[in-house]
Amino acid sequence: MAAPMEVALVSDAAGPLCNCSVWELHSGSALPGYRGGNSGPRGLALLGGEHLLGAQLGKSYINVWELQRKDQLQQKIICPGPVTCLTASPNGLYILAGVAESIYLWEVSNGNLLAILNRHYQDLTCLCFTDDSSHFLSGAKDCLALVWNLYSVLQAEPSQIPDPRHVWSRHSLPITDLCCGFGGPLARAATASLDQTAKLWEISSGELLLSVLFDVGIMAVTLDLSEYHMFCGGMDGSIFQVDLCAWPVQRDRTFQTERENGKVFKGHRNQVTCLSVSTDGSLLLSGSHDETVRLWDIQSKQCLKTMNHKGPVTNAFIVLAPANMFNPDGKPSVPLPKFSKHLHGTESNDEQGSEGVTLRLGLHQQDSGESYLEKAEKMYSQMYSTREKNLVGDQEHLTIQVSELEEEVSTLRKINKNLFDFSARIITKPAK
């Protein structure tokens, strides 16, 4: 492709023929869709530009497609209960799923279930990562939005549940949607709620920057890439545009539809469920329970295109099309493993013995699980114990070999510590 193509990925609750439809954003031409099942609300995500994930509506599994093989499911990730929301880290290394009030975290490289986080009191409704994959946010029906440091979650003991970095409790009714801007741990995040407010937060400090009160409950929220505007989808089908750089600056603001009629998108006949802005900030994509997806021109507030569906729209977002999406001969660089149903470190010995070497930051500081150094040490011990049986009468030579191996293990330990310290500094270093 000469230039990156923007595509819209859309799913609805009916979808008898197609789970996820795909269409080119600017021309409106339909592209081959992904078949098999129906994806639930907040349950569609791209994984590493090579796979598409879809949380099956009302079922206890996640559908997985290779991007270029749209007519064939590659596998299903079995979950302990119906998945209420789903996301994947931008770096393609981790998958998050909400099951009831718990957050499940998988590592993509080996399929290990790394953590089960139980800090919400009611069902999860939405999940999202920061753009650098260092933090993730969770929202639930308990009116709480939590900010998690991924590094802290991975470092925690398996028997302990890590504390979230921030607990945002300013909403009085269930959280319906959330999104993150750019900037990693320094980014801003927006939350939407049935309490008729949308709020803007600073992730680094946890401070509330802006709270906007509307006439209706807010079901969807998104930011444009420049973060000049926040778009909020209402239960009545209206979409509100909030200027984040408006003067004078007020932390608490009321959106008065009569006065700000030029900042309302009107066309949907039922609640707006999802919103997404194009990369150049000129187009807005919206999905609704009125079974339509609409493409809007942001400047004029005019609807440019309407796509009809067979059921309420559950997901709709804009992405730059990965190369594999249009290459029928393309294959993922690394095949997906089988994803575990049990927390890593609690499987039976037989299951652990069948797994490969696992590399996780800081694992050498934990009591559970074997790091690659410990496995290497065990391998070395087996090697020189075998040689000891075979080299009869050559004790001096054997001693020299043992000393060399012990020195090598010591060197590897130093290298591992340096790698860990370097990675920790990079992950925790604040952005300039």
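Residues numbered from 1 in each chain as written. Predicted model: local features only at pLDDT ≥ 70, side-chain atom pairs only at ≥ 80, totals over all residues. Heavy atoms only, no water.

**Q** How do you make sense of the sheet that holds strand β20 (residues 218-223) when you look at a structure like this?
**A** The strands making up a sheet are joined through hydrogen bonds of the backbone, oriented either antiparallel or parallel. Pairing is antiparallel in the open sheet, where four strands are placed in the order β20-β21-β22-β24. The open sheet terminates on both sides in strands that have one partner only, identified here as β20 and β24 (264-265). As paired strands, strand β21 (residues 229-234) and strand β22 (residues 239-243) are joined by five bridges and run antiparallel to one another. For Met230, the partnering residue across the bridge sits in β22 and is Val242. (Pairing = 2+ DSSP bridges. Helix = DSSP H or I, 4+ residues; strand = E, 2+ residues; numbered from the N terminus.)

**Q** What is the right way to read unusual backbone geometry from this model?
**A** Trans is the common state for peptide bonds, and a negative phi is the common state for residues other than glycine. In this structure, Cys143 is a non-glycine residue whose phi angle is positive, near 75°. Relative to the elements of secondary structure, Cys143 occurs in the loop between β13 (135-140) and β14 (145-149). Of note, the phi angle at Lys301 is positive, near 65°, even though the residue is not glycine.

**Q** Can you help me understand the nonpolar core in this one?
**A** In a soluble, globular protein the nonpolar side chains are often hidden away together inside. Counting residues in each nonpolar core, the largest one holds 20 residues, and the members touching the most others are Leu53, Ile62, Val83, Leu86, Ile95 and Trp106. Counting only elements with at least two residues in this core, the list comes to β5 (51-56), β6 (61-66), β8 (83-88), β9 (94-99) and β10 (102-107). If we ignore the near neighbours within four places in the chain, the residues touching Val83 are Ala55, Lys59, Ile62, Ala97, Gly98 and Val99. With 19 residues, the next largest nonpolar core counts Ala198, Val216, Val221 and Leu244 among its residues. (Core = buried A, V, L, I, M, F, W, Y, C linked by side-chain atoms within 4.5 Å. Buried < 20%, exposed > 50% of the residue type's maximum accessible area, 1.4 Å probe, protein only. Contact = heavy atoms within 4.5 Å.)

**Q** What's the story with the pairing of β21 in this structure? I'm lost.
**A** Regular strands have side chains that alternate between both faces of the sheet. Taking burial as the measure, the six residues of β21 include five buried ones, the bulk of the element. Where β20 lies against β21, five bridges are found, and the strand directions are antiparallel. Considered in β21, the bridge of Val221 is made with Cys232. Counting the residues that bridge the hairpin from β20 to β21 gives five residues, and of these Glu227 lies at a positive phi of roughly 60°.

**Q** When you look at a nonpolar patch on the surface in this model, what are you seeing that I'm missing?
**A** Together, Leu173, Leu194 and Met235 give the surface a local cluster of nonpolar side chains, amounting to about 230 Å² of exposed area. Tracing the chain through its elements places Leu173 in the loop between β15 (166-168) and β16 (175-180). (Patch = residues over 30% accessible without salt bridge, like charges linked within 9 Å, V, L, I, M, F, W, Y side chains within 5 Å. Areas by Shrake-Rupley, 256 points an atom, 1.4 Å probe, with all protein chains shown as cover. Salt bridge = Lys/Arg side-chain N within 4 Å of Asp/Glu carboxyl O.)

**Q** Looking at this structure, how should I read the packing of aromatic side chains?
**A** Centre distance and the angle of the planes are the two values used to describe a pair of aromatic rings. By the definition in use, this model includes eleven aromatic pairs. Seen from their ring centres, Phe265 and Trp296 are 5.5 Å apart, and the 75° between their planes marks the pair as edge-to-face. Here Trp296 lies in strand β27 (residues 292-297) and Phe265 lies in strand β24, a separation of 31 residues in the sequence. Summarising the burial analysis for this pair, Phe265 and Trp296 share the class buried. Counting every residue linked through ring pairs, the aromatic cluster contains Tyr104, Trp106 and Phe339. (Phe/Tyr/Trp six-rings, centres within 6.5 Å; stacked < 30°, edge-to-face > 60°.)

**Q** Looking at this structure, how should I read the pattern of salt bridges?
**A** Oppositely charged side chains may form a pair once their charged atoms are brought near each other. Scanning the model with the defined rule gives four salt bridges in all. Asp243 is the partner of Lys263 in a salt bridge, and the nearest nitrogen-oxygen pair spans 2.5 Å. Separated by 20 residues along the polypeptide, Lys263 in the loop between β23 (252-254) and β24 and Asp243 in strand β22 bring together distant segments of the chain.

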